[in-house]
Amino acid sequence: MRLQPQHIQPVIMAGIMAFLMTALVTWINLGLRPDFIGLWLKAFAIAWPMAAVAAYIAIPMAQRMTKAILARLHAE
């Protein structure tokens, strides 16, 4: 199977979002402790695969919902 953009994009997008969100949540919950980077990276390593799976599920749903919203808006 040849990889297509729709196979790679959700993984990259999930990685960016997980990276930023785990940094923010780790900082809010723990502050800038000496072990902040290690704790953040541990949270990121757990969050990224889960976010990638969620992206594969959420992207088709978001596309359908967007089309439905636009169809209703343009029908008026």
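For the structure itself, consult the block above.
Along each chain, residue indices are assigned from 1 in the same order as the chain's sequence is written. The predicted origin of the model limits local features to residues at a pLDDT of at least 70 and limits the giving and counting of side-chain atom pairs to 80 or more, whereas totals for whole chains, interfaces and linings rest on all residues. Excluded from the side-chain calculation are hydrogens and water; included are all heavy atoms of the structure.

Chemist: Which residues make up the packing of aromatic side chains, and what values do they have?
Modeler: In this analysis, rings of Phe, Tyr and Trp, with Trp reduced to its six-membered ring, are considered paired at centre separations within 6.5 Å, and the interplanar angle assigns stacked below 30 degrees, edge-to-face beyond 60, and tilted for intermediate values. What the rule picks out here adds up to 4 aromatic pairs. Relative to F44, the ring of F19 has its centre 5.5 Å away and its plane inclined at 85°; by these criteria the two rings are edge-to-face. Highlighted residues: F19 in helix α1 (residues 5-30) and F44 in helix α2 (residues 36-75), separated in sequence by 25 residues. We call a residue buried when its accessible area falls under 20% of the maximum for its residue type, exposed when it is over 50%, and partly exposed in between, using a 1.4 Å probe and counting protein chains only. Its relative accessible area of 37% is what places F19 among the partly exposed residues. Counting every residue linked through ring pairs, the aromatic cluster contains F19, F36, W40, F44 and W48. Only DSSP runs of H or I reaching four residues or more are called helices, and only runs of E reaching two or more are called strands; each is numbered from the N terminus.

Chemist: Can you tell me about the packing of α1 against α2, naming the residues and giving the values?
Modeler: Two elements in contact, α1 and α2, have axes whose closest approach is 7 Å; the angle formed by their N-to-C orientations is 140°. In terms of orientation, α1 and α2 fall into the oblique class. In the packing of α1 onto α2, the handedness of the crossing is right-handed. Each residue gets one label: Ala, Val, Leu, Ile, Met, Phe, Trp, Tyr, Cys and Pro are nonpolar, Asp, Glu, Lys and Arg are charged, and the others, such as Gly, are polar. Split by residue class, the contact of α1 with α2 holds 21 nonpolar, 5 polar and no charged. To define axes, lines are fitted to C-alpha atoms, for helices over the stretch in contact only, and angles between the resulting N-to-C directions are given on a 0 to 180 degree scale. With respect to orientation, any angle under 35 degrees is reported as roughly parallel, any angle over 145 as roughly antiparallel, any angle of 65 to 115 as roughly perpendicular, and every other angle as oblique. The hand of a helix crossing depends on one turn: near helix anticlockwise from the far one by less than a right angle means left-handed, and clockwise means right-handed.

Shape descriptors only; they carry no functional weight alone.
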